[in-house]
Amino acid sequence: MSAPQISEWIRQSSRIVVLTGAGISTDSGIPDFRGPNGVWTKNPEAEKVATLSHYLENPEIRQLAWRTRLESPAWSAIPNDGHRAIVGLHAAHKLDAVVTQNIDGLHQQSGIPIDKVVEVHGTFRFSICWDCKDRREMQSTLDRVRAGDPDPSCQLCGGILKSDTISFGQALAPGILDQALSYAENCELLIAIGTTLSVGPVNNMVPRARARGVKVAIINGEPTSMDDRAGAVAVGDISELLATIMSDAGIPT
């Protein structure tokens with residue numbers, strides 16, 4: 001079963017939860033991490049920037065991270081047709097929530113209400129102090145980098161600053177996984193889009209949904225580690241697949 005089955009399930013469902021990963025943002029010019037052209041696929045060393053222990057212990061890694069944040073394509077990215085397809089579900093009063101592994105904020109920009117977006121891995125649009133937790137808009141911190149500070153410290157306590165995102169080796173924000181799993185267990189249809197479903201613990205949404213009898217669909221550019229747990233899988237260009245699926249389901253996008 002593939003795209004036609006997903007369309008049929010969307011027509012039948014009034015409570016849909018969408019789980020998104022980096023693949024939904026690639027058409028907005030933001031590269032994914034583990035795909036064939038992913039950031040970490042091309043440069044495994046880049047993964048150190050996203051690893052908490054390396055980041056906290058190595059000033060050179062932090063300096064690289066700040067340069068990377070300055071140059072991030074996410075600052076100029078805009079929502080693409082894939083994001084807008086999910087907005088169509090919201091407009092049709094079928095969307096319970098979007099649980100996203102992404103940190104780019106494009107779901108909110110596309111028109112999904114803030115209270116319907118669960119950012120399990122945080123947001124790159126804010127910086128936060130590792131010590132005192134002072135949180136500020138990222139652009140104000142990047143202004144200090146542009147002014148010549150390669151590794152800005154907290155202006156309140158002098159602690160290490162990082163983006164308000166979840167690094168490898170860092171715990172999720174309290175309660176956020178419970179919120180994501182609750183959405184998965186209590187919807188009628190869970191659609192995973194643009195994620196390899198290889199990163200825990202959020203990938204547990206799929207088996208938890210299945211255990212509750214929830215229909216599970218996966219839409220991705222390549223096979224995922226949980227295709228065998230889904231009732232319907234569609235592999236191909238994500239934006240094109242979503243356009244076809246939503247059209248066949250009668251959802252304007």
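Calculation criteria
- Residues numbered from 1 in each chain as written.
- Predicted model: local features only at pLDDT ≥ 70, side-chain atom pairs only at ≥ 80, totals over all residues.
- Heavy atoms only, no water.
- Pairing = 2+ DSSP bridges.
- Helix = DSSP H or I, 4+ residues; strand = E, 2+ residues; numbered from the N terminus.
- Axes fitted to C-alpha atoms, helices over the stretch in contact; angles between N-to-C directions.
- Contact = heavy atoms within 4.5 Å.
- Phe/Tyr/Trp six-rings, centres within 6.5 Å; stacked < 30°, edge-to-face > 60°.
- Lys NZ or Arg CZ within 6 Å of the ring centre and 35° of its normal.
- Buried < 20%, exposed > 50% of the residue type's maximum accessible area, 1.4 Å probe, protein only.
- Polar contact = N/O pair within 3.5 Å; in protein donor to acceptor, adjacent residues only side chain to side chain.
- Disulfide = S-S within 2.5 Å.
- Core = buried A, V, L, I, M, F, W, Y, C linked by side-chain atoms within 4.5 Å.
- Parallel < 35°, antiparallel > 145°, perpendicular 65-115°, else oblique.
- Left-handed = near helix turned anticlockwise from the far one by under 90°.
- Nonpolar A, V, L, I, M, F, W, Y, C, P; charged D, E, K, R; others polar.
- Salt bridge = Lys/Arg side-chain N within 4 Å of Asp/Glu carboxyl O.

Observations concerning the sheet that holds strand β6 (residues 161-165)
Step number 1: The strand order β5-β4-β6 describes an open sheet built from 3 strands, whose pairing is antiparallel. Of all strands in the sheet, those with a lone pairing partner are β5 (135-137) and β6, marking the two edges. Each strand axis lies, on average, 45 degrees off the axis of its neighbour in the sheet, ignoring direction.
Step number 2: Running at roughly 80 degrees to β5, helix α7 (residues 138-146) makes contact with β4 (122-129), β5 and β6 of the sheet.

Some remarks on unusual backbone geometry
Step number 1: Following Gly200, the chain continues to Pro201 via a peptide bond in cis, the omega torsion being 5 degrees.
Step number 2: Checked against the element boundaries, Pro201 lands in the loop between β7 (189-193) and α9 (205-211).
Step number 3: Phi at Lys133 is positive, roughly 70 degrees, even though this residue is not glycine.
Step number 4: Locating Lys133 in the fold gives a position in the loop between β4 and β5.
Step number 5: One non-glycine residue, Leu197, adopts positive backbone phi at about 60 degrees.
Step number 6: Mapped onto the secondary structure, Leu197 falls in the loop between β7 and α9.

Digging into the packing of aromatic side chains
Within a pair of aromatic rings, the relevant descriptors are the distance that separates the centres and the angle that separates the planes.
Step number 1: Per the counting criterion, the structure on display carries 1 aromatic pair.
Step number 2: In this arrangement the basic side chain of Arg69 is found over the ring face of Trp66, its NZ or CZ atom lying 4.3 Å from the centre.

Observations regarding helix α8 (residues 176-185)
Step number 1: Turning to α8, its buried residues number three or more, namely Ile176, Ala180, Leu181, Ala184 and Glu185.
Step number 2: Buried residues belonging to α8 abut β2 (95-100), β3 (117-119), β7 and α9.

Here we look at the environment of Thr26
Step number 1: By secondary structure assignment, the location of Thr26 is in the loop between β1 (16-20) and α2 (39-42).
Step number 2: Along the primary structure Thr26 and Ser182 are separated by 156 residues, whereas in three dimensions their C-alpha atoms are 28 Å apart.
Step number 3: Reaching out from Thr26, the side chain makes a polar contact with the backbone oxygen of Gly23 at a distance of 3.1 Å.

Thoughts on the environment of Ala3
Step number 1: Relative to the helices and strands, Ala3 resides in helix α1 (residues 3-12).
Step number 2: For Ala3, the contacting residues outside a window of four places in its chain are Ala234 and Ile245.

Some thoughts on the state of the cysteines
Step number 1: The tally for this structure, following the rule as stated, stands at 0 disulfides.
Step number 2: For the unlinked cysteine Cys129, the closest cysteine sulfur is that of Cys157, found at 3.5 Å.
Step number 3: By relative accessible area, which is 1% here, Cys129 ends up buried.

Points about the nonpolar core
Step number 1: In this structure, Ile10, Ile193 and Ile219 are the most contacted members of the largest nonpolar core, which totals 29 residues.
Step number 2: At the level of elements, α1, β1, α5 (81-91), β2, β7, β8 (215-220), β9 (232-235) and α10 (238-248) are the ones that each hand at least two residues to this core.
Step number 3: Once residues lying within four places of it in the same chain are set aside, the contact partners of Ile219 are Ile6, Ile191, Ala192, Ile193, Gly194, Ala234, Leu241, Leu242 and Ile245.
Step number 4: Grouped together as the second largest cluster of nonpolar side chains are 22 residues, Val120, Ile176, Cys187 and Val214 included.

Notes on the packing of α1 against α10
Step number 1: Here α1 crosses α10 at 50 degrees, and the two axes come no closer than 8 Å. What the angle tells us is that α1 and α10 run oblique. As for the relative orientation of α1 and α10, their crossing is right-handed in sense. Of the residues in α10, those in contact with Ala3, Ile6, Ser7, Ile10 and Arg11 of α1 are Thr244, Ile245, Met246 and Asp248.
Step number 2: Of the residues that constitute the contact of α1 with α10, the class distribution is 5 nonpolar, 2 polar and 2 charged.

Comments concerning the pattern of salt bridges
Step number 1: Evaluation of the coordinates by the stated rule reveals 10 salt bridges.
Step number 2: Ionic pairing is found between Asp151 and Arg62, a salt bridge with its closest N-O pair at 2.9 Å. Placement of the pair is Asp151 in the loop between α7 and β6 and Arg62 in helix α4 (residues 59-70), with a sequence separation of 89 residues. With respect to class, Asp151 is no different from Arg62; both count as buried.
Step number 3: When the shortest N-O distance is used, the salt bridge between Asp134 and Arg136 registers 2.6 Å.

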